[in-house]
Amino acid sequence: MNRSVLSAALGLALAAGLAGLPATAVAAPATAPPAAAVQGYTAPAYAGSAAEAADNQAFFRAVTASVRAKRAANPWLQTVTVTYDTANAPSFTGQIAQAAQIWNSSVRNVQLQETGGGGDFSYYEGSDSRGSYASTDGHGHGYVFLDYQQNQEYDSLRVTAHETGHVLGLPDDYSGPCSELMSGGGPGPSCTNPYPDGNERGQVDALWANGVAPAN
């Protein structure tokens, strides 16, 4: 929120070992879920949780550990290409592609590229009371989960770009303004901004400088 490759892509292979869907995922519907249109209903501002924040950081640490381990094959690499697959999130392929385009046009030290399978991380869709999140199984495999209900109550492109921001190392900041992508659902459902602000773009480029993110 799912570019031209300026240098050799790194085969991080973070998601290649996923044995199946996350436990909370459900079968994909034939068509994308419709936007919520419940008269008189206003979704509450999203506050997140400590567990979600821990998942986000664990996922990013898995990504950066793999990058550091594999960068030895190309120590002069300046731009990292991280690949993703969308086979398990067919309802959100449009939002994922737009999110990747937004991030690729916003930063220069890391780029996102779709692959037909076995990407560095995967997108999944389904229903989960926690909403959407970025997570890892604890074995270096990562995925972004897109929750149906949250993507109906909030702008779906913003949700997808926000979760993709976690892949690139950004934490949540729910107290931030709508102009800040990582404020997520904090500003409420009326916020539809899918773009990172200047500070967020700078953070990502700093994290991925010289082809590898420094240790947190």
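The structure under discussion appears in the preceding block.
Residues numbered from 1 in each chain as written. Predicted model: local features only at pLDDT ≥ 70, side-chain atom pairs only at ≥ 80, totals over all residues. Heavy atoms only, no water.

### Quick look at the packing of helix H2 (residues 93-106) against helix H4 (residues 156-167)
Closest axis-to-axis distance for the H2/H4 pair is 9 Å, and the angle between their directions is 55°. As summarised for this structure, H2 and H4 are arranged oblique, according to the angle between their axes. Like other packed secondary-structure pairs, H2 and H4 cross with a definite hand, here right-handed. Residues Gln 95, Ile 96, Gln 98, Ala 99, Ile 102 and Trp 103 of H2 lie in contact with H4, whose contacting residues are Ser 156, Leu 157, Thr 160, Ala 161, Thr 164 and Gly 165. Split into classes, the residues belonging to the contact of H2 with H4 amount to 6 nonpolar, 6 polar and no charged. (Axes fitted to C-alpha atoms, helices over the stretch in contact; angles between N-to-C directions. Helix = DSSP H or I, 4+ residues; strand = E, 2+ residues; numbered from the N terminus. Parallel < 35°, antiparallel > 145°, perpendicular 65-115°, else oblique. Left-handed = near helix turned anticlockwise from the far one by under 90°. Contact = heavy atoms within 4.5 Å. Nonpolar A, V, L, I, M, F, W, Y, C, P; charged D, E, K, R; others polar.)

### Notes on the sheet that holds strand E4 (residues 133-136)
The 5 strands lie next to each other as E2-E1-E3-E5-E4, forming an open sheet whose pairing is mixed. Every other strand in the sheet has two partners, leaving strand E2 (110-114) and E4 as the edge strands with one partner each. Sheet twist, expressed as the mean angle between neighbouring strand axes with direction ignored, is 30°. Examined bridge by bridge, strand E3 (residues 121-126) and strand E5 (residues 142-147) share 5 bridges and lie parallel to one another. (Pairing = 2+ DSSP bridges.)

### Describing the state of the cysteines
Applying the stated criterion across every chain, the model contains 1 disulfide. Between Cys 178 and Cys 191 runs a disulfide, and the two sulfur atoms are separated by 2.0 Å. One quick way to see it: the torsion about the S-S bond of Cys 178 and Cys 191 is about 90°, and its sign makes the bridge right-handed. Separated by 13 residues along the polypeptide, Cys 178 in the loop between H4 and helix H5 (198-207) and Cys 191 in the loop between H4 and H5 bring together distant segments of the chain. With relative accessibility at 29%, the residue Cys 178 sits in the partly exposed group. Its relative accessible area of 4% is what places Cys 191 among the buried residues. (Disulfide = S-S within 2.5 Å. Buried < 20%, exposed > 50% of the residue type's maximum accessible area, 1.4 Å probe, protein only.)

### Details of the nonpolar core
Ranked by size, the top nonpolar core spans 32 residues in total, and within it Trp 103, Val 110, Leu 112, Phe 121, Tyr 123, Val 204 and Trp 208 carry the most contacts. Those elements giving two or more residues to this core turn out to be strand E1 (80-88), H2, E2, E3, E5, H4 and H5. It is H2 that contributes the most residues to this core, 5 residues altogether. (Core = buried A, V, L, I, M, F, W, Y, C linked by side-chain atoms within 4.5 Å.)

### Re H5
Among the residues making up H5, those that are buried are Glu 200, Val 204, Asp 205 and Leu 207. All buried residues of H5 lie within an arc of 165° about the axis, which places them on one face of the element. Two or three places before Asn 199, at the opening of H5, Asp 197 has a side-chain oxygen 3.2 Å from that residue's backbone nitrogen. (Arc of directions from axis to C-beta. Polar contact = N/O pair within 3.5 Å; in protein donor to acceptor, adjacent residues only side chain to side chain.)

### So, the pattern of salt bridges
The tally for this structure, following the rule as stated, stands at 2 salt bridges. Residues Asp 205 and Arg 108 are paired through a salt bridge, measuring 3.4 Å at the closest nitrogen-oxygen approach. Note that Asp 205 is positioned in helix H5 and Arg 108 in the loop between H2 and E2, a separation of 97 residues in sequence. By relative accessible area, which is 8% here, Asp 205 ends up buried. Exposure remark for Arg 108: the relative accessible area of 58% places this residue in the exposed category. Residues Arg 130 and Asp 128 are paired through a salt bridge, measuring 2.8 Å at the closest nitrogen-oxygen approach. (Salt bridge = Lys/Arg side-chain N within 4 Å of Asp/Glu carboxyl O.)

### As for the environment of Asp 55
In this structure, Asp 55 sits in helix H1 (residues 50-70). Taking the C-alpha atoms as reference points, Asp 55 and Tyr 133, separated by 78 residues in sequence, lie 8.0 Å from one another. Residues in contact with Asp 55, not counting those within four places in the same chain, are Arg 130, Ala 134 and Ser 135.

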